[in-house]
Amino acid sequence: MENIIEIKGLTKKYNRTIALNNIDLDLKKGKIIGILGPNGSGKTTLIKLLTGLLHETKGVIKIDGHIPSVYTKSIISYLPDRNALYSWMKIDDAIKMFMDFYEDFDEKKADSLLEFMKLDRTMKVSELSKGMKEKLNLTLVLARKAKVYIMDEPIAGVDPVARDQILKAIIDNYEENSTMIITTHLVKDMENIFDEVVFIGDGEIILQGDAETLREDKKINIDDIYKEIFG
Amino acid sequence: MFKYTKYEFLGTYKFLMGAIGLIIVASTAIQMFFKNQYNFANGSPGSIEAFQIMPFVMLAATFTFIGAFIAVAVYLISSFRKELYEDRGYLTFALPMTGSQLLGSKLIIALFWSVVMGIVVLVYNMVLARFVFGPEWYNLMLDVIKQAEGLGKIIVSYSLISVIETVVTLLLVYFTITISRVSIKSKKIGGFWFVLFLILSSFFSYIQSSIADSVPLYLDITKMEFLSQNRLYFDNMNPESMMNLANAGVISISGLGFQIILTVGLFLGTAYMLEKKIDLV
């Protein structure tokens, strides 16, 4: 299967701190990939490099054959680990903005996701709770038919009901031909949706493989492998 | 580019319309205050004594004008800084647009509001004064203005020069904020940009005046003719010319050339850093 993302010798330093150390990683099209690791392991740095929010110190990133650029930003649907929507916006403004910037944005899908999330277009972003903001951001991300979905900690800090709703929305709205990259340290809640997993610790890739094969080889689930590595 | 310009406008218009509203209220209050003072001290309005109060009205209006521009400038500058230091940058910088498109949008909206603010304050104060203080001073002022040579060209040239000055200043602000963000990641010492702005602003002014002095070629926009430094000096010594605002429509060609090069350089440099160097840590 063709690679959608190819990373060679990627290093990212923040002054003297090495966040990612010379990593090589190929990710295939049409898979849901879990990037797993504790806080500070380098997951978010990797995601930000892919989305063009950070710039590499060394190495090469290719997404659909292109280095991070306006083109790669147009094919990536990115859910950051925080609410980035402008505070003056209503939900309707956010939807219109995504429609203006992304040709692959599906307004009908956005409306049906909003209904599922119990959100209304007239609501103001600044008046939403943390969970509601997370749902709104997820709605905007999943309403696109993007080549690559990147979600940074999509279920962190939300209540169990919202967590289930978010997971259901991700599973139901996943595009078969797309690639979905999800970072999390809440492995137990998400492991069943991953086709592949990549364990990152101290800026290096510790283990990578097909989720089912790893379960069979080690005779334990992904959550226990995570605890074995980072425990 | 205009996609983002639309959202930049939507994000700023409430504050700026509010600011314009406040200026209108303040201008009205100032003029009414002076009218009441005048009535109390001198008797009926419309007599020649009314002109004595006008300098104070003008001064108060000028302070309102400057205050309003500072408020707008602070707001627009902080809006740019927020993109680089706050969570909203995660949306802005993930959007598929170039650094030039982002910077261009910010610049267009900042310039738009500066121009709107300037026109509203000026026109509103003139119209209000016409009603508050009566038509005499207003008509006299119009007569004085009408006597100025090439008035239309002077207004156009001043407006153009003001726009260029505003663009250069805004770009220098954006440039120094961006370079501060690239070199110093911490928000705590993010005020470093202002120090850098003052240094670069002085440096570029010095370079501009040096260039203008070493290549003393001027253009009189009112007559569309080139002037040498000697001719400019001669005109300034001519009392009649001074009465006719001899220097009002005169610009230094080399100085203007430097400003245009500076504008392009600052734009390209800032756009490059926004696209290739900003790390949202």
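Up top is the structure these notes are about.
Not measured: the values here are computed from a predicted model.

Quick notes on the rules
- Residues numbered from 1 in each chain as written.
- Chains lettered and ligands numbered in written order.
- Predicted model: local features only at pLDDT ≥ 70, side-chain atom pairs only at ≥ 80, totals over all residues.
- Heavy atoms only, no water.
- Helix = DSSP H or I, 4+ residues; strand = E, 2+ residues; numbered from the N terminus.
- Rg over C-alpha atoms; globule rule 2.2 N^0.38 Å.
- Buried < 20%, exposed > 50% of the residue type's maximum accessible area, 1.4 Å probe, protein only.
- Contact = heavy atoms within 4.5 Å.
- Areas by Shrake-Rupley, 256 points an atom, 1.4 Å probe, with all protein chains shown as cover.
- Lys, Arg positive; Asp, Glu negative; His and termini not counted.
- Charge placed at Lys NZ, Arg CZ, Asp CG, Glu CD.
- Pairing = 2+ DSSP bridges.
- Axes fitted to C-alpha atoms, helices over the stretch in contact; angles between N-to-C directions.
- Salt bridge = Lys/Arg side-chain N within 4 Å of Asp/Glu carboxyl O.
- Core = buried A, V, L, I, M, F, W, Y, C linked by side-chain atoms within 4.5 Å.
- Domains from an automatic or database assignment.
- Expected span 1.5 Å × (residues − 1).

A. Representation of the overall build of chain A within the structure. Helices and strands together make up the secondary structure of chain A, namely 9 helices and 9 strands. Here chain A has a C-alpha radius of gyration of 17 Å; the compact-globule value for 231 residues is 17 Å, and the two agree. C-alpha extents for chain A along the principal axes are approximately 45 × 35 × 35 Å. Counting only residues that meet the buried cut, chain A has 54% of its 231 residues in that class. By sequence separation, contacts in chain A at least 24 residues apart represent 67% of the contacts at least 6 residues apart. For chain A, the computed accessible surface area is about 10200 Å², with 47% contributed by carbon and sulfur atoms. For chain A, the distance from the average position of its 33 positive side-chain charges to the average position of its 39 negative side-chain charges is 4 Å.

B. Representation of the sheet that holds strand S1 (residues 3-14) of chain A in the model. Residue and element names in this part refer to chain A. The 3 strands are arranged S2-S1-S4 in an open sheet whose pairing can be described as antiparallel. Since the sheet does not close on itself, it has two edges, and those belong to strand S2 (17-28) and strand S4 (58-63), each with one partner. Taken pair by pair, the neighbouring strands of this sheet meet at an average axis angle of 15°, ignoring direction. Of the strand pairs in this sheet, S1 and S4 are connected by 5 bridges, and their pairing is antiparallel. Along S4, the bridge assignment pairs glutamate 6 with lysine 62. Contacts between helix H1 (residues 43-51) and the sheet are confined to S1, S2 and S4, with S1 contributing the most and set at about 115° to the helix.

C. Layout of unusual backbone geometry. All names here are of chain A. Positive phi, close to 55°, is recorded for asparagine 15, a residue that is not glycine. Along the chain, asparagine 15 turns up in the loop between S1 and S2. Within the chain, glutamate 153 stands out as a residue other than glycine whose phi angle is a positive 50°. Within the element layout of this structure, glutamate 153 appears in the loop between strand S6 (148-152) and helix H6 (160-173). Residue class for glutamate 153 comes out buried when judged on its relative accessible area of 10%.

D. Local environment of the pattern of salt bridges. Residues and elements named next belong to chain A. The final tally for this structure, using the stated rule, is 23 salt bridges over all chains. Ionic pairing is found between arginine 121 and aspartate 92, a salt bridge with its closest N-O pair at 2.7 Å. With arginine 121 in the loop between helix H4 (107-116) and helix H5 (130-142) and aspartate 92 in helix H3 (residues 91-101), the pair connects residues that are 29 residues apart, well separated along the chain. Across the pair arginine 121 and glutamate 107 runs a salt bridge whose closest N-O atoms are separated by 2.7 Å. Separated by 14 residues along the polypeptide, arginine 121 in the loop between H4 and H5 and glutamate 107 in helix H4 bring together distant segments of the chain. Taken together, the salt bridges that share partners define one network made up of Asp92, Lys96, Glu107, Asp111 and Arg121.

E. Highlighting the nonpolar core. Grouped together as the largest cluster of nonpolar side chains are 129 residues, with contacts concentrated most on Met151, Ile170 and Ile181 of chain A. Taken domain by domain, this core gets at least three of its residues from each of domain 1 (1-147) and domain 2 (153-281) of chain B. Contacts of isoleucine 170 of chain A, omitting those with residues within four sequence positions, involve Leu138, Leu142, Met151, Pro154, Met180, Ile182, Met190 and Ile193 of chain A. The next biggest cluster of nonpolar side chains, apart from the first, holds 7 residues, and it includes Ile30, Phe34, Ala60 and Phe133 of chain B.

F. Seen up close, helix H4 (residues 99-132) of chain B. Look at H4 of chain B: 49 Å from first C-alpha to last across 34 residues, which is about the 50 Å you get at 1.5 Å a residue. Glycine 134 of chain B, located one to two residues past H4 of chain B, shows a positive phi value of around 85°.

G. Quick look at the pairing of strand S9 (residues 204-210) of chain A. Residue and element names in this part refer to chain A. In the sheet, strand S8 (residues 196-201) pairs with S9 via 6 bridges, with the strands oriented antiparallel. The partner of isoleucine 200 across the bridge, within S9, is isoleucine 205. The antiparallel hairpin formed by S8 and S9 contains 2 residues in its connecting segment, where aspartate 202 sits at a positive phi of about 50°.

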